[in-house]
Amino acid sequence: FGSRLESSRRVVPVSVLRRFLSPTAMKQKATVSSSRRKSRKAYFTAPSHIRRKLMSAPLSKELRQKYNVRSLPIRRDDEVI
């Protein structure tokens, strides 16, 4: 009976464990690279419709309550503190 329990255990290779324990295994999207070099290139060469989302700023508490919006994309001549 005891040997039956021991034989049901599986030996998992170390390479499989590394894949689950590494920080890259926690990626949200498989299509987005976790490389610093590639993410910086994507940031600086982003088209304007994506850059609009990247260049957003949170609103103050008064403006949050007034407009019911947490953050907005910034525009030219906006005052960001």
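Residues numbered from 1 in each chain as written. Predicted model: local features only at pLDDT ≥ 70, side-chain atom pairs only at ≥ 80, totals over all residues. Heavy atoms only, no water.

J.: Honestly, a nonpolar patch on the surface in this entry has me stumped. Any pointers?
T.: A cluster of nonpolar side chains, Tyr 43, Phe 44, Ile 50, Leu 54, Met 55, Ile 74 and Val 80, forms an exposed patch at the surface whose accessible area comes to about 620 Å². Structurally, Leu 54 is set in helix H4 (residues 48-54). In this structure Leu 54 comes out as partly exposed when scored by relative accessible area, which is 41%. (Patch = residues over 30% accessible without salt bridge, like charges linked within 9 Å, V, L, I, M, F, W, Y side chains within 5 Å. Areas by Shrake-Rupley, 256 points an atom, 1.4 Å probe, with all protein chains shown as cover. Salt bridge = Lys/Arg side-chain N within 4 Å of Asp/Glu carboxyl O. Helix = DSSP H or I, 4+ residues; strand = E, 2+ residues; numbered from the N terminus. Buried < 20%, exposed > 50% of the residue type's maximum accessible area, 1.4 Å probe, protein only.)

J.: So what exactly am I meant to see when it comes to a positive patch on the surface here?
T.: On the surface, a cluster of positive charge is made up of Lys 27, Arg 37, Lys 38 and Lys 41. Tracing the chain through its elements places Lys 38 in helix H3 (residues 36-44). On the basis of relative accessibility, which here comes to 56%, the residue Lys 38 falls in the exposed class. (Lys, Arg positive; Asp, Glu negative; His and termini not counted. Charge placed at Lys NZ, Arg CZ, Asp CG, Glu CD.)

J.: Even after reading the chapter, I still don't get unusual backbone geometry, so can you show me in this structure?
T.: What is expected of a backbone is that most residues other than glycine have negative phi and most peptide bonds are trans. Of note, Asn 68 is a non-glycine position whose phi angle comes to about 55 degrees, a positive value. A residue is classified by how much of its surface remains accessible, and Asn 68, at 68% relative accessible area, is exposed. The backbone of Asp 77 shows a phi angle near 70 degrees, a positive value even though the residue is not glycine. With respect to the helices and strands, the residue Asp 77 is situated in the segment after strand S2 (71-73).

Nothing here speaks to function; it is all geometry.
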